[in-house]
Protein chains: 2
Amino acid sequence: MDARQFFELSIGRWRSQRSGHHLAFNHFEEARSTLDIIALAVDDPAVVDLCQLHGIEPAAVSQPFRVDWEGEPDSKSRKPRGSSVLLPIPDPNYPAQGKLLASPTLTTPAATVSHYSLGDDETLVLSTQYEGAVVEERIWFASPNLRFRVSLVKDNGSTDLTTALFCSEIRALGQ
Amino acid sequence: MDARQFFELSIGRWRSQRSGHHLAFNHFEEARSTLDIIALAVDDPAVVDLCQLHGIEPAAVSQPFRVDWEGEPDSKSRKPRGSSVLLPIPDPNYPAQGKLLASPTLTTPAATVSHYSLGDDETLVLSTQYEGAVVEERIWFASPNLRFRVSLVKDNGSTDLTTALFCSEIRALGQ
């Protein structure tokens, strides 16, 4: 599996279970959500706009996609939801790695640039520098319909990890 | 880091937070425990006995150790606890992989043989065939004092994963 195939296999609807471990406080957190990962055409206006924002040519993009997510509400509050456009830009010299450009969202108002690298064991490692934190994610498929993700969140300026998140994502079939 | 160094770095006391995702039932489970991983000498009687049980020479063992664990009780019940002796037997031709022999315990009354393999990304992949299930674990260090483990449990005869477990293990320092 190459990186493009990895992104292609991610297309679809996923039911996600997430556990958060707050390491300093020995505290658990749980959440459920639905992810819709939708393939976009390279000439989709959202793709062209985001390319322009980052100053890159749409021809450099491989398999752009959009992620729509909707969380289960905690109580009677409104469902948390969000959407982001993502553009993989493979490194022409090392196609197993590259950049992943993300559109601004409500929670991350600046457009972000992640670095990705697909290892020999077909685990995608994704590193993202946010304003106040660095996030490193490992994502892998246990089967075509089951994906796992471990995210480690480290505050900027700190050497300690603050939070570890584990997601199991099951493909919602027949929908 | 080679496999022996990986096992050596695991020696110590660890506070573990574990999240279980029961995939078919969309159900969460949480647990806390303390692990004591204790280095053993190759001529320790527990090591010699377990070598005999498996019909191998103690000289083939690299960095044997014992794991003592104690869980936090669910309510007022007694603390769940257990102990197991583990013997890494490196493959003489491919030292990044080998067998891990485990002594019988209360929960797994038969001695088990796991296969381990340390990847280029320093993740240890451990596969164990139990009586009714296959367990595949990925274990890696985020730092010398923080270890992660993802365990996937698959019932024998089924192609589906039944449970995914995520553990974050923090070294208990100064004890």
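Data block above holds the structure.
Bear in mind the structure is a predicted one, so any value in this text is a computation, not a measurement.

S.K.: Explain the overall build of chain A to me, please; I cannot follow it from the model alone.
M.R.: When you go through chain A residue by residue, the secondary structure sums to 2 helices and 10 strands. When the elements of chain A are put in sequence order from the N terminus, they spell out α-β-β-α-β-β-β-β-β-β-β-β. Relative to the globule expectation of 16 Å for 175 residues, the C-alpha radius of gyration of chain A, 16 Å, shows essentially globular dimensions. Along the first, second and third principal axes, the C-alpha set of chain A runs to 45 × 45 × 35 Å. Relative to its full complement of 175 residues, chain A shows a buried share of 42%. In chain A, of all internal contacts separated by at least 6 residues, the share reaching a separation of at least 24 is 43%. Split by element, the accessible area of chain A, about 9300 Å² in all, is 52% carbon and sulfur. On chain A, the mean spot of the 16 positive side-chain charges and the mean spot of the 23 negative ones are 8 Å from each other.

S.K.: Sorry if this is basic, but what is going on with the relation of the copies chain B and chain A here?
M.R.: Note: a rotation about an axis with an accompanying shift along it relates these two copies of the chain. With an RMSD of 0.0 Å, the fit of chain B onto chain A corresponds to turning through 180 degrees and sliding 0.0 Å along the axis. When the rotation and shift are considered jointly, the pair of chain copies conforms to a two-fold rotation axis. Same-surface contact between copies: 100% of interface residues of chain B are shared with the interface of chain A.

S.K.: Sorry if this is basic, but what is going on with the side chain of T34(A) here?
M.R.: Residue and element names in this part refer to chain A. Its location among the elements puts T34 in strand β2 (residues 27–39). Of the polar contacts made by the side chain of T34, one reaches the side chain of R15; its length is 3.1 Å. Those residues in contact with T34 that sit more than four places away from it in its chain are R13, W14, R15, D68, W69 and E70.

S.K.: Even after reading the chapter, I still don't get the sheet that holds β2(A), so can you show me in this structure?
M.R.: All names here are of chain A. Strand order in this closed barrel of 10 strands is β1-β2-β3-β4-β5-β6-β7-β8-β9-β10, and the pairing throughout is antiparallel. For this sheet, the mean inter-axis angle between neighbouring strands, taken without regard to orientation, is 25 degrees. As paired elements, strand β7 (residues 124–129) and strand β8 (residues 133–143) share 6 bridges and run antiparallel to each other. Across the sheet, S127 pairs through a bridge with E136, a residue of β8.

S.K.: What's the story with helix α2 (residues 45–54) of chain A in this structure? I'm lost.
M.R.: Residue and element names in this part refer to chain A. Of the positions making up α2, those classed as buried are V47, L50 and C51. End-on view of α2: buried residues confined to an arc of 105 degrees, all on one side of the axis. Exposed and facing more than 90 degrees away from the buried side of α2 are P45, Q52 and L53. For α2, the elements touching its buried residues are β4 (81–90) and β5 (97–102). The residue sitting at the N-terminus of α2 and contributing the capping side-chain oxygen is D44; that oxygen lies 2.9 Å from the backbone nitrogen of A46. Once α2 ends, the next one or two residues include G55, with phi positive near 70 degrees.

S.K.: Would you explain the pattern of salt bridges in this entry?
M.R.: Should their charged atoms come close, side chains of opposite charge can pair. The final tally for this structure, using the stated rule, is 16 salt bridges over all chains. For R138(B), the salt bridge goes to D121(A), with nearest N and O atoms at 3.8 Å. Of this pair, R138(B) sits in strand β8 (residues 133–143) while D121(A) sits in the loop between β6 (112–118) and β7, each in a different chain. In this structure, E137(B) and R149(B) form a salt bridge, with 2.9 Å as the shortest nitrogen-oxygen distance.

S.K.: Got a minute to help me understand the interface of chain B and chain A in this structure?
M.R.: By a frequent convention, interface size equals the accessible area lost on bringing the separate parts together. Contact with chain B, which involves 29 residues of that partner, is made by 29 residues of chain A. Together chain B and chain A conceal approximately 2500 Å² of surface at their shared face, both sides included; 60% is due to carbon and sulfur atoms. In this structure, the connection of chain B to chain A is made through 2 salt bridges. Our count for the contact surface shared by chain B and chain A stands at 9 residue pairs in polar contact (both at pLDDT 80 or more). Going through the elements one at a time, β1 (12–22), β2 (27–39), β8, β9 (146–155) and β10 (161–171) of chain B are the ones with two or more residues in the side of chain B that touches chain A. Of the residues belonging to the side of chain B that touches chain A, the class tally is 14 nonpolar, 8 polar and 7 charged.

S.K.: Which parts of the structure should I look at to understand the packing of aromatic side chains?
M.R.: Any aromatic ring pair is given by two values, namely how distant the centres are and how the planes are angled relative to each other. Applying the stated criterion across every chain, the model contains 15 aromatic pairs over all chains. Taking the centre distance of 5.0 Å and the plane angle of 70 degrees together, the rings of F6(B) and F141(B) count as edge-to-face. In this pair, F6(B) sits in helix α1 (residues 3–10) while F141(B) sits in strand β8, placing the two residues 135 residues apart along the sequence. The class for F6(B) is buried, based on a relative accessible area of 1%. Put simply, the rings of F6(A), F7(A), W14(A), F65(A), Y116(A) and F141(A) touch in pairs and so form one group of aromatic residues. Of note, R147(A) hangs over the ring of W14(A), and the distance from its end group to the ring centre comes to 5.7 Å.

Basis of the calculations
- In this numbering scheme, every chain counts its residues from 1 along its sequence in written order.
- Whichever chain is written first becomes A and whichever ligand is written first becomes 1, with later ones labelled in order.
- Owing to the predicted nature of the model, reporting of local features is limited to residues with pLDDT of at least 70; listing and counting of side-chain atom pairs is limited to 80 or more, with chain, interface and lining totals taken over all residues.
- Note that water and hydrogens are dropped before the side-chain values are worked out from all heavy atoms of the structure.
- We count a stretch as a helix when DSSP gives it H or I for four or more residues in a row; a strand needs E for two or more, and each element gets its number in order from the N terminus.
- Note that the radius of gyration is over C-alpha atoms, with the globule rule given as 2.2 Å times the number of residues to the power 0.38.
- Buried residues are those whose accessible area, probed at 1.4 Å on protein chains only, stays under 20% of the maximum for their type, while exposed residues exceed 50% and partly exposed ones sit between those limits.
- Contact criterion: two residues are considered in contact whenever any of their non-hydrogen atoms come within 4.5 Å of each other.
- Here the Shrake-Rupley method, with its probe set to 1.4 Å, supplies the accessible areas, and only the displayed protein chains count as covering residues.
- When charges are counted, Lys and Arg are positive and Asp and Glu negative, with His and the chain ends excluded.
- Each charge is placed at NZ for Lys, CZ for Arg, CG for Asp and CD for Glu.
- Here the copies are matched by least squares. The fit uses the C-alpha atoms of residues with pLDDT of at least 70 in both.
- Under the rule applied, a polar contact is a pair of N or O atoms within 3.5 Å (in protein, one hydrogen donor and one hydrogen acceptor; residues adjacent in sequence only if both atoms are side-chain atoms).
- By this definition, two strands are paired if DSSP reports at least two bridges between them.
- Lines are fitted to the C-alpha atoms to define the axes, a helix being fitted only along its stretch in contact, and any angle between axes, read from their N-to-C directions, falls within 0 to 180 degrees.
- Comment: arc refers to directions from the helix axis out to C-beta atoms.
- Salt bridges are counted wherever a side-chain nitrogen of Lys or Arg sits within 4 Å of a carboxyl oxygen of Asp or Glu.
- Simply put, the buried area is the total loss of 1.4 Å probe accessible area from both parts when two parts are fitted together.
- Three classes are used, and their members are as follows: Ala, Val, Leu, Ile, Met, Phe, Trp, Tyr, Cys and Pro are nonpolar, Asp, Glu, Lys and Arg are charged, and the others, Gly among them, are polar.
- Between 30 and 60 degrees the pair is tilted, below 30 it is stacked and above 60 it is edge-to-face, where a pair is any two Phe, Tyr or Trp rings, Trp via its six-membered ring, whose centres lie within 6.5 Å.
- Either the NZ atom of lysine or the CZ atom of arginine qualifies as a charge over a ring when it sits within 6 Å of the ring centre and within 35 degrees of the ring normal.

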